[in-house]
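Residues per chain, in single letters:
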Amino acid sequence: MNYSDLATRLSQLGERLAKQSDKLEGQNLGRSAAKLASQLARFEEQLESHLASRKSGELLLESLLRSPASKRHLTIGLLKRGVREICAKRLKSADLSGAKREFIELIHATRKQDLAVEFLKEAFADAAHVESGGKDKALLQREFVHLGQLLEDDFAVQIAARTITELRRVATVNGIRFTDKTNRQRLTTLIRRYAQRAALNVAAARVPSPN
């Protein structure tokens, strides 16, 4: 639907109606006018609801980018990944402040504020989860060793059950270096390689030394 064309058509119709309003009569025209007025009222309600929802999404996104979590975890790399996954676009800015402005502009232009909010919330939650360490970190390290002990088919099943976010978390906690451009297949290969090494190291450490 071309809303610009619709706006022009309604404006032109409104001007004609205003000029001829005192000359219009007839039951058929009246019924059509009443029906149009009802449809316009319903469309106006839907339009107001849509605009309010969009405005809410814009405010939530900008608020999230100013939040303490953003100050702690937001990076240019994360913004680049978000734009690529959400809008299939690329960020050009080389500094964080410029990248944030460009991120907001691209998200608003594509009207994908809700997806951007969901992406950032998940990314910040993942970063906080990894950063928390403790039991969660130890658990991920044990899972990493377990993955290294699995046969190829069992490993594939385990990996297939995990999201790309979960794989990134496992890799990060266990010191595997990767970038935002690292795809799932490459990340899986890296996890397989280093998990097997970790499993061998653990097994070797358990072998008692000869007297």
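In this text, all values refer to a predicted model and were calculated from it rather than measured experimentally.

**Thoughts on the overall build of the protein**
Point 1. Helices and strands together make up the secondary structure of the protein, namely 10 helices and zero strands.
Point 2. Scanning the protein from its N terminus toward the C terminus, one meets helices and strands in the order α-α-α-α-α-α-α-α-α-α.
Point 3. In the protein, buried positions account for 28% of the 211 residues.
Point 4. Taking the intrachain contacts of the protein between residues at least 6 apart in sequence as the baseline, contacts between residues at least 24 apart amount to 58%.
Point 5. Of the accessible surface of the protein, which amounts to about 14,800 Å², a share of 52% is contributed by carbon and sulfur atoms.

**Section: the nonpolar core**
Point 1. Core analysis: the biggest nonpolar cluster contains 20 residues, and Leu61, Leu65, Leu74, Leu79, Phe103, Ile107 and Leu120 have the highest contact counts within it.
Point 2. When contributions to this core are tallied by element, the ones reaching two or more residues are helix H2 (27-65), helix H4 (76-87), helix H5 (96-110) and helix H6 (113-132).
Point 3. By residue number, the principal contributor to this core is H6, which donates six residues.
Point 4. In contact with Leu74, other than residues within four places in its own chain, are Leu65, Ala69, Leu79, Leu96, Lys100, Leu120 and Phe124.
Point 5. Counting residues in each nonpolar core, the second largest holds 18 residues, with Leu150, Leu167, Leu190 and Ile191 among its members.

**Re the pattern of salt bridges**
Point 1. Across all of its chains, the model carries three salt bridges by this definition.
Point 2. When the shortest N-O distance is used, the salt bridge between Glu85 and Arg81 registers 3.7 Å. Taken as a pair, Glu85 and Arg81 lie in helix H4 at a separation of four residues, close to a single helical turn.
Point 3. Accessibility expressed as a relative area gives 47% for Glu85, which makes it partly exposed.
Point 4. A relative accessible area of 12% means that Arg81 is categorised as buried.

**Considering helix H10 (residues 184-206)**
Point 1. For H10, spanning 23 residues, the distance from its first C-alpha to its last is 32 Å, which sits close to the expected 33 Å at 1.5 Å a residue.
Point 2. The N-cap residue of H10 is Asn183: its side-chain oxygen and the backbone nitrogen of Gln185 are 3.3 Å apart.

**Quick notes on the environment of Asn183**
Point 1. Considering the arrangement of structural elements, one finds Asn183 in the loop between helix H9 (164-173) and H10.
Point 2. Separated by 19 residues in the primary sequence, Asn183 and Ile164 place their C-alpha atoms 8.5 Å from one another.
Point 3. Here Gln185 takes part through its backbone nitrogen, which lies 3.3 Å from a polar atom of the side chain of Asn183.
Point 4. A distance of 2.8 Å separates a polar atom in the side chain of Asn183 from the backbone nitrogen of Arg186.

**Considering unusual backbone geometry**
Point 1. Positive phi is not limited to glycine here, since Ala88 has a value of about 60 degrees.
Point 2. Note that Ala88 resides in the loop between H4 and H5.
Point 3. You will see that Arg111, though not glycine, has its phi angle at about 60 degrees, which is positive.
Point 4. Relative to the helices and strands, Arg111 resides in the loop between H5 and H6.
Point 5. For Arg111, a relative accessible area of 56% translates into the label exposed.

**Focus on the packing of H9 against H10**
Point 1. It is at 10 Å that the axes of H9 and H10 come closest, and there the two elements cross at 35 degrees. When you trace H9 past H10, the crossing you get is left-handed. Taken together, the residues of H10 that come into contact with H9 (itself represented by Ile164, Leu167, Arg168 and Ala171) are Arg184, Leu187, Thr188 and Ile191.

**So, the side chain of Ser70**
Point 1. Turning to its location among the elements, Ser70 is positioned in helix H3 (residues 68-73).
Point 2. For Ser70, a relative accessible area of 3% corresponds to the buried category.
Point 3. Among residues more than four places away in sequence, those in contact with Ser70 are Leu64, Leu65 and Phe124.

**Notes on the confidence of the model for the protein**
Point 1. Within the protein, residue pLDDT values average 81, and 87% of them lie at 70 or more.
Point 2. Looking over the protein, one finds the lowest element-wise mean pLDDT in H2, namely 72, and the highest in H10, namely 90.

Conventions used here
Residues numbered from 1 in each chain as written. Predicted model: local features only at pLDDT ≥ 70, side-chain atom pairs only at ≥ 80, totals over all residues. Heavy atoms only, no water. Helix = DSSP H or I, 4+ residues; strand = E, 2+ residues; numbered from the N terminus. Buried < 20%, exposed > 50% of the residue type's maximum accessible area, 1.4 Å probe, protein only. Contact = heavy atoms within 4.5 Å. Areas by Shrake-Rupley, 256 points an atom, 1.4 Å probe, with all protein chains shown as cover. Core = buried A, V, L, I, M, F, W, Y, C linked by side-chain atoms within 4.5 Å. Salt bridge = Lys/Arg side-chain N within 4 Å of Asp/Glu carboxyl O. Expected span 1.5 Å × (residues − 1). Polar contact = N/O pair within 3.5 Å; in protein donor to acceptor, adjacent residues only side chain to side chain. Axes fitted to C-alpha atoms, helices over the stretch in contact; angles between N-to-C directions. Left-handed = near helix turned anticlockwise from the far one by under 90°. pLDDT = per-residue confidence, 0-100.

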